[in-house]
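Chain residues, written in single-letter form:
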Amino acid sequence: MSGYRLAAGGRIDRSRPLAFSFDGQGYQGFAGDSLASALVASGVTLFGRSFKYHRPRGLVGMGPEEPNALVTVDRGPARITPNLRAPQVALHDGLQAKSQNRWPSLKFDVAALNDVFGALFPAGFYNKTFMWPRSAWEKLYEPVIRQLAGLGDSPVARDPDHYDATYAHCEVLVVGGGIAGITATLEAAAHGGRVILIDEQDELGGGALADPVQWAALDALKEKLAAAGNVTVMTRTTAFGYYHQNFIGATQSLTDHLAPADASGPRERLWRIRAGEVVLAQGAIERPLVFNGNDVPGVMLASAGRMLALRYGVAVGHAVVVMAAHDSGWRDALALAGAGVHVAAIIDVRNVVGADLADAARDAGIAVHIGCAITAVHGRHAVTGVTFAANGTGPACKLACDAVLMAGGWTPSVHLWSHAKGSLTWSEAWGAYLPGTPIENCRAVGAGAGAWDMGHGVVTAVLPSHIDVRAQKAFVDFQNDVKARDIHLAVQEGMRSIEHIKRYTTNGMATDQGKTSNLNGLQIASAALGRPVEQIGLTTFRPPYTPQTFGALMGHHKDALFQPVRKSPIDEWATEHGAVFENVSNWRRARYFPRGGEDMDAAVLRECAAVRRSVGIFDASTLGKIEVVGPDAAEFLNRMYTNPWKGLQPGRCRYGLLLREDGFITDDGVSARMADDRFHLTTTTGGAARVLGMMEDYLQTEWSDLDVWLTSTTEQWAVIALQGPRARDVIAPLVSGIDLGAEAFPHMAVREGTIAGVPTRLFRVSFTGELGFEINVPASEGRKVWEEVWDAGQAHGITAYGTETMHVLRAEKGFIIVGQDTDGTMTPYDMGLDWAVGKKKPDFVGKRSLARPDMGLPGRKQFIGLLTEDPQDLLEEGAQVVADPDAPMPMPMIGHVTSSYRSAALGRTIALAVIADGRARIGQTIFVPMPGKVIRATVTAPMFYDAEGSRLNA
Amino acid sequence: MILIHCPYCEEDRPEVEFTYGGEAHIARPLDPGALDDRQWETYLYIRRNPRGAHAERWRHAHGCARFFNAVRDTVTDRFEVTYKTGEPRPAGDTK
Amino acid sequence: MKRFSGLNLFAEAFNGHKGWPEHWPDKAPKAAYDVIIIGAGGHGLGAAYYLAAKYGITNVCVIEKGWLGGGNAGRNTTIIRSNYLYDESAHLYDHAVKLWDGLSQELNYNVMYSKRGVLMLAHNVHDIQSFKRHIHANRLNGVDNEWLSTEACKAYCPPLDISPNARHPVLGGALQRRGGTARHDSVAWGYARGAVARGVDIIQNCAVTGIRRGPDGAVIGVETEKGFIGAKKIGVSAAGSTSLVMRMAGLDFPLESYPLQALVSEPVKPIFPCVVMSNTVHAYISQSDKGELVIGAGTDAYVSYSQRGALHIIEHTLAAICEIFPIFTRMRMLRTWGGIVDVTPDRSPILAKTPVPGLYVNCGWGTGGFKATPGAADLLAHTIAHDAPHAINAPFNLDRFRNGRLIDEAAAAAVAH
């Protein structure tokens with residue numbers, strides 16, 4: 001260990017040494033260290049490389065404002081996290097960190113050539129060049145720029161960690177656990193009610209952690225917090241966003257501060273906190289000073305030097321120079337001196353400084369240079385000295401030192417305040433914006449509210465210097481390499497809004513989001529524009545306050561919990577019988593049941609043939625179902641659906657077609673009248689919720705006079721479709737209380753009875769064109785009944801089939817699937833469903849829109865069938881249809897193929913399509929141009945099998 | 001996450017329990033067939049879309065499932081009042 | 001206008017870059033113009049540019065209530081593509097893509113159009129059918145769009161998780177290779193600089209408070225915070241605020257304005273080579289030149305002008321991204337923001353004459369306006385210059401809401417765009 005660790009002091013535990021590595025080099029620190037403090041203690045000054053010029057960079061701040069010291073932490077396979085701020089990485093035994101954005105090494109980075117040619121790359125340079133030759137942007141310039149940009153490397157493997165997310169509610173939420181925050185917490189707690197105090201650091205105390213004088217008081221306050229029964233304290237928790245109505249997002253780091261072997265449970269937790277009142281005690285962040293050489297490693301904020309010395313027992317250098325524009329720098333210098341750090345000099349740009357400070361400095365043996373400014377910093381990877389001059393322009397004085405502390409004044413953290421749209425007020429004294437009037441029930445306290453006496457200062461744009469600002473390496477945004485001269489250039493080029501200046505220079509757009517650069521940028525812009533800061537505006541503060549892990553925001557919503565999979569009561573049976581599944585809206589449905597080595601085509605041909613030959617069984621449980629009950633039920637359905645419902649007799653079913661009010665088909669389904677005042681509706685699988693919502697909308701808001709109740713029963717019923725000429729034979733032994741005879745129980749009828757001893761609503765309906773039943777039984781009995789039917793069907797050659805076979809069979813009959821054959825732009829007439837529209841009904845949803853001028857014009861697409869000339873040519877679903885395949889591009893298209901299958905029954909392919917004036921083209925040849933060939937097909941009616949319906953009515 | 005006061009449940013509940021239903025007080029014409037195309041277009045599509053107080057429909061989908069109306073400021077997203085379906089829009093906020 | 005080039009940049013490097021002039025000088029408005037464009041976004045600035053550069057109308061003023069490029073032009077996720085289904089849409093967006101190609105050279109301003117490819121993922125059979133329909137229609141319209149197998153998707157976008165056990169497995173994708181991204185600010189700035197160089201005035205921080213019409217009903221100018229400014233023609237290109245501006249002319253519009261949020265991660269080295277969109281899991285993602293992952297999703301649920309979205313939308317968006325790209329869960333979200341998008345009933349834009357003589361409108365682009373920027377700008381300029389729409393934008397009229405001839409891409413594809 002080198003000699004930067006002070007002999008005593010700090011809050012570290014010197015009895016617990018911790019070994020860690022940085023860029024492969026082994027180091028030692030102590031429990032209580034951060035990665036940054038342990039590295040500084042080990043004599044490390046070079047932490048990283050800047051974004052654009054790849055300049056060597058050191059530590060600037062000791063908190064969330066840190067722009068330079070970004071590291072990648074490696075916690076084992078697939079646990080790589082880039083871009084972490086070294087001062088906020090808690091040290092643990094075995095910590096492995098590495099620097100970023102350099103190649104081949106941190107000390108020798110080839111890309112630092114950018115810095116040599118930095119004059120070529122001022123703000124906005126990329127707008128001005130890389131335009132010739134045209135193709136070179138994508139082939140050459142952009143790839144090179146991308147490779148040089150970026151910071152650390154993204155993880156490349158699936159993250160083994162998991163994340164938690166939860167809610168909290170409280171009367172008062174206090175954000176920030178410094179003295180002001182703790183005090184506010186105790187005050188709130190005294191009024192009773194739940195109080196939550198959160199702080200981003202690993203212990204409470206905020207700025208007081210760097211002030212041993214306050215430690216005793218801090219301990220006393222912490223004891224009071226612990227004693228209060230109604231206070232919850234959460235450390236390592238960052239409030240990152242303030243949303244509507246006192247809703248605060250915060251993330252809690254749970255394991256990253258522990259050695260990987262000691263970590264268990266979720267890595268982070270998202271807290272969504274609803275608070276009656278919010279107290280913001282976020283403190284203030286020190287501002288750097290802008291001067292030539294202010295980015296040499298070893299130049300940092302005075303507050304960081306103080307934090308290192310007094311919280312971590314680390315000297316930032318052996319000879320420290322303080323460059324101050326504010327009293328706080330003097331106090332920090334005195335504190336450092338008191339802790340045993342050699343402070344060589346205080347340079348202050350002000351001409352007058354309080355006598356108390358000057359006297360104290362002289363008493364501490366610190367040289368004092370009033371009215372002076374640093375004009376150069378010497379050293380490349382570490383500070384070796386500074387040149388300063390009176391007013392920056394006087395005779396140059398050189399001073400050897402190995403650290404420079406900047407004290408440019410303080411910027412209250414108004415981030416969350418601004419998220420909540422609270423107003424801001426410019427304060428000349430602070431040289432910063434302070435919280436004004438809140439919108440939410442919220443107040444700011446402590447330094448963040450400007451209620452903190454840390455002395456006086458002057459606000460400077462750039463320190464005075466004899467060197468033209470254009471020739472200075474005076475940085476405003478360290479990470480993004482924005483110099484003072486870039487802001488001048490932006491203004492020179494006509495950028496007058498601070499938003500333009502920000503975007504043109506990228507000032508404030510780095511991963512620290514301008515915590516150290518925004519106010520200095522404003523001051524420089526103000527000077528360049530010759531307008532007061534308040535007239536230049538302020539860029540908007542946007543969540544998050546500090547970068548937040550995607551995983552924490554994802555929470556539990558991953559894999560199966562991303563969206564719960566809806567499964568039918570028959571799902572497990574299907575799994576056991578080898579089903580291949582497909583996702584249909586949020587359901588998973590058995591698509592086909594392959595046997596042996598069958599592919600989908602073979603399985604589906606077999607399943608189709610079996611249904612037409614004997615009998616097939618199909619799980620239709622996912623169909624949406626709505627129970628419509630009440631004296632006005634028939635009237636209600638009559639208004640909703642296109643067709644008439646009032647005349648439907650109990651015990652009978654009807655196909656219902658539902659339009660949106662704009663006249664386009666949105667859903668369909670077969671529904672049954674169970675009694676005068678009761679209907680059992682079915683909807684498409686994907687449309688259930690939408691249809692129920694739409695019906696509730698009309699019922700509640702337009703026709704509240706109707707006495708009707710709607711209940712979703714989708715998940716109450718298992719639906720077993722049994723289809724095929726042997727269907728009746730299969731269920732006959734199982735059914736009681738229902739006469740299954742063809743006359744007693746005709747097609748499109750419903751009966752109630754029992755099947756396998758289970759109460760059923762038995763529908764005689766068919767989506768296949770065969771004799772068929774849909775057996776509705778309570779979902780809890782679904783699998784039992786399914787298995788009994790399956791067993792009973794064995795003697796009849798029963799075959800389980802899936803959605804693909806269902807699609808083929810219905811296509812052979814020309815039955816549409818809403819959403820596949822229709823697309824939200826099709827009317828009943830387009831689909832040949834005129835028969836389903838009640839011509840005599842004065843009104844139904846969508847009727848008026850069907851009378852709009854364009855809805856009756858020729859040229860609308862109409863639903864038809866297609867038979868390819870080569871019966872084995874299978875059209876592709878989605879393929880476009882043309883009348884003239886030799887037409888030049890863009891080729892006029894008349895429609896497209898909506899459904900296309902191999903039909904076992906026909907021994908050939910069939911297709912359904914919508915084409916312009918399709919019904920008038922029946923018998924004509926159309927063309928489907930595919931890459932490399934044109935397929936000819938004949939337009940037919942959309943009906944390929946048993947047009948007279950004799951099988952259906954058997 | 002806005003809190004919304006459901007006038008039926010008489011509770012403030014988080015936004016995710018609700019679905020938005022568009023502008024309120026656009027009654028479906030009793031006899032749509034009597035409207036000309038321009039009037040029907042207005043009913044279907046024309047919306048005030050104001051910057052400021054907006055009367056709008058919400059449904060407490062994951063609660064009581066009732067539709068209700070609200071006046072909300074579209075600039076601050078703050079709800080001024082919620083009220084039951086069928087009740088007139090409260091006076092005094094017609095900006 | 002001082003020419004931008006590598007050579008001039010090199011020369012200026014020795015001059016402290018003192019020779020670069022203002023992009024757009026601050027101007028006081030003249031008493032009257034031939035054309036006033038309301039809204040200095042990419043579309044409005046571009047329209048002014050094309051009026052001057054292509055149609056010879058240089059007495060033009062663009063009026064902006066805030067700072068130019070500060071609306072959706074500067075808040076979008078910069079995706080460019082034209083693989084739309086209907087002929088009308090494909091022609092409209094492809095008109096824009098053709099102009100994107102070469103825009104940097106035309107404007108002498110590098111807008112960084114990068115044909116990185118836009119890959120739309122299919123997660124179920126319905127997606128496949130829909131994407132195939134798009135691909136075939138695009139092919140016959142001369143718009144590139146091709147089907148990729150699951151493995152080809154992975155090869156094109158290595159971070160993609162193609163596990164068949166995923167909640168929404170990737171079954172393939174539709175790739176438009178000419179699709180990609182551009183630098184949003186540069187587009188607005190490039191058009192602004194080009195327009196100004198051709199005589200156009202840009203007046204920022206000047207809200208329009210009224211539209212004045214003459215006795216014949218035709219427009220005669222606008223009332224603004226800086227006084228009345230006369231105009232023979234007015235083009236409105238005000239995105240989320242269109243309803244408010246049109247009401248000044250006495251017109252009610254079929255528009256609603258919704259918040260749209262987006263976010264970026266911290267920058268990382270190149271990891272993501274293209275743009276990926278998934279409508280089923282509901283998110284899209286690309287990586288900027290700077291290295292940030294740029295991520296977006298759908299709008300918030302309700303009409304709002306607050307530019308302030310809800311946290312649960314962000315949560316859902318990131319869950320969706322991590323669902324398709326589980327390697328990104330340790331990445332960190334750097335910044336979120338919101339814009340206001342104006343949405344029409346059929347999710348297609350309105351780019352047309354209005355019932356008020358001399359008043360033209362370009363609005364309703366919803367979440368998809370950036371990609372159309374050069375095309376919309378050119379067509380708005382054409383429509384204003386000729387007092388008649390171009391054949392490409394003629395279908396995107398106001399009459400369609402009355403006669404029912406909607407262009408409903410979303411309904412047709414179940415695809416947000």
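Treat the numbers as computed from the prediction; the structure is a model and nothing was measured.

J.: How do you make sense of the overall build of chain A when you look at a structure like this?
T.: Of regular secondary structure, chain A possesses 22 helices and 49 strands. Scaling as 2.2 N^0.38, a compact globule of 954 residues should have a C-alpha radius of gyration of about 30 Å, whereas chain A reaches 38 Å, well beyond that. On the principal axes, the C-alpha backbone points of chain A span a range of 115 × 70 × 55 Å. Within chain A, contacts between residues at least 6 apart in sequence are counted, and of these 66% link residues at least 24 apart. Of the roughly 32,800 Å² that chain A leaves accessible, carbon and sulfur atoms contribute 55%.

J.: Is there a simple way to explain the sheet that holds strand 19 (residues 372-378) of chain A in this structure?
T.: Within a beta sheet, neighbouring strands are joined by backbone hydrogen bonds and run either parallel or antiparallel to one another. Residue and element names in this part refer to chain A. Strand order in the open sheet made by the three strands is 19-20-21, with antiparallel pairing throughout. At either end of the open sheet lies a strand with only one pairing partner, and these are strand 19 and strand 21 (397-400). Taken pair by pair, the neighbouring strands of this sheet meet at an average axis angle of 30°, ignoring direction. Two strands pair when backbone bridges link them, and strand 19 and strand 20 (residues 385-390) are joined in this way by six bridges, in the antiparallel orientation. Within strand 20, the position partnered with Cys372 by the bridge is Ala390.

J.: Quick question: what am I supposed to make of the side chain of Thr803 of chain A here?
T.: Relative to the helices and strands, Thr803 of chain A is located in helix 21 (residues 803-812). In this structure Thr803 of chain A touches Glu582, Arg589, Ala590, Arg591 and Phe618 of chain A, once residues within four positions along its chain are discounted.

J.: Any chance you could explain the interface of chain C and chain B here in plain terms?
T.: A common way to state how big an interface is: give the accessible area lost once the parts meet. If you look at the interface, chain C gives 25 residues, while chain B gives 22 residues. Both faces combined, the contact of chain C with chain B buries some 2,100 Å², and carbon together with sulfur accounts for 53% of it. Sorting the residues of chain C by area buried against chain B places Tyr302, Tyr305 and Arg402 of chain C first, and these three jointly supply 30% of that buried surface. Inspection of the chain C/chain B interface yields zero salt bridges. Linking chain C to chain B there are eleven residue pairs in polar contact (both at pLDDT 80 or more). Looking at the side of chain C that touches chain B, the elements with two or more residues in it are helix 8 (242-248), strand 12 (256-265), helix 9 (311-324) and helix 11 (400-403) of chain C. In terms of residue class, the side of chain C that touches chain B is made up of 15 nonpolar, five polar and five charged.

J.: It is not clear to me how the pairing of strand 22 (residues 403-407) of chain A should be interpreted in this structure. Could you clarify?
T.: A regular strand places its side chains so that they alternate between the two faces of the sheet. Residues and elements named next belong to chain A. Most of strand 22 is tucked away: five of the five residues are buried. The side-chain alternation of strand 22 yields two buried faces, one formed by Ala403, Leu405 and Ala407 and the other by Val404 and Met406. In this sheet, strand 22 lies alongside strand 15 (residues 299-301) in parallel orientation, the contact comprising three bridges. Considered in strand 22, the bridge of Met300 is made with Leu405. The pairing of strand 16 (residues 320-324) with strand 22 spans five bridges and is parallel. Pairing of Val320 across the sheet is with Ala403, part of strand 22.

J.: Help me understand the interface of chain C and chain A, please; the structure alone is not making it clear to me.
T.: Contacts between the two partners involve 108 residues from chain C and, on the opposite side, 121 residues from chain A. Of all residues in chain C, Arg167, Arg308 and Arg330 of chain C bury the most surface against chain A, accounting for 10% of the area lost on that side. Applying the counting rule to chain C against chain A returns 14 salt bridges. Note that Asp854 of chain A and Arg405 of chain C form a salt bridge whose closest N and O atoms lie 2.8 Å from each other.

J.: What should I look at first to understand the environment of Phe478 of chain A in this one?
T.: Residues and elements named next belong to chain A. Its place among the elements puts Phe478 in the loop between strand 27 (475-477) and strand 28 (482-483). We classify Phe478 as buried; its relative accessible area is 0%. With residues near it in sequence (within four places) discarded, Phe478 still touches Ser50, Arg57, Val60, Pro67, Asn68, Pro288, Asn294, Asp295 and Met406.

J.: Just to check I follow, could you spell out the nonpolar core for this structure?
T.: Counting 191 residues, the largest nonpolar core has Leu35 and Phe291 of chain A together with Trp100 of chain C as its most contacted members. If sequence neighbours within four positions are ignored, Leu35 of chain A has contacts with Phe20, Val71, Ala86, Val89, Leu91, Leu95 and Ala97 of chain A.

J.: What is the right way to read the packing of helix 3 (residues 87-100) of chain C against helix 10 (residues 373-386) of chain C from this model?
T.: Pairs of packed helices are described in terms of their axes, by the angle between the two and the distance that separates them. All names here are of chain C. Interaxial distance between helix 3 and helix 10 falls to 6 Å at its minimum, and their mutual angle equals 105°. As summarised for this structure, helix 3 and helix 10 are arranged roughly perpendicular, according to the angle between their axes. Two secondary-structure elements touch here, helix 3 through Leu92, His95, Ala96, Leu99 and Trp100 and helix 10 through Thr373, Pro374, Gly375, Asp378 and Leu379. Tallied by class, residues from the contact of helix 3 with helix 10 come to six nonpolar, three polar and one charged.

J.: Explain the domain arrangement of chain A here, please?
T.: The domain boundaries assigned to chain A delineate domain 1 (13-118), domain 2 (163-282), domain 3 (468-564), domain 4 (567-622 + 717-775 + 782-820), domain 5 (623-713 + 827-854) and domain 6 (858-954). Distance from the C-alpha centre of domain 2 of chain A to the C-alpha centre of domain 4 of chain A: 58 Å.

J.: Help me out: how do you make sense of the packing of aromatic side chains in this one?
T.: Two aromatic rings, taken as a pair, are described by how far apart their centres are and by the angle between their planes. Tallied over the full model, the rule gives 40 aromatic pairs over all chains. In this arrangement the basic side chain of Arg272 of chain A is found over the ring face of Tyr167 of chain A, its NZ or CZ atom lying 4.5 Å from the centre. One cation-aromatic arrangement involves Lys2 of chain C over Trp20 of chain C; the distance from NZ or CZ to the ring centre is 5.4 Å.

Cut-offs used in this document
Residues numbered from 1 in each chain as written. Chains lettered and ligands numbered in written order. Predicted model: local features only at pLDDT ≥ 70, side-chain atom pairs only at ≥ 80, totals over all residues. Heavy atoms only, no water. Helix = DSSP H or I, 4+ residues; strand = E, 2+ residues; numbered from the N terminus. Rg over C-alpha atoms; globule rule 2.2 N^0.38 Å. Contact = heavy atoms within 4.5 Å. Areas by Shrake-Rupley, 256 points an atom, 1.4 Å probe, with all protein chains shown as cover. Pairing = 2+ DSSP bridges. Axes fitted to C-alpha atoms, helices over the stretch in contact; angles between N-to-C directions. Buried area = accessible area lost by both parts, 1.4 Å probe. Salt bridge = Lys/Arg side-chain N within 4 Å of Asp/Glu carboxyl O. Polar contact = N/O pair within 3.5 Å; in protein donor to acceptor, adjacent residues only side chain to side chain. Nonpolar A, V, L, I, M, F, W, Y, C, P; charged D, E, K, R; others polar. Buried < 20%, exposed > 50% of the residue type's maximum accessible area, 1.4 Å probe, protein only. Core = buried A, V, L, I, M, F, W, Y, C linked by side-chain atoms within 4.5 Å. Parallel < 35°, antiparallel > 145°, perpendicular 65-115°, else oblique. Domains from an automatic or database assignment. Phe/Tyr/Trp six-rings, centres within 6.5 Å; stacked < 30°, edge-to-face > 60°. Lys NZ or Arg CZ within 6 Å of the ring centre and 35° of its normal.

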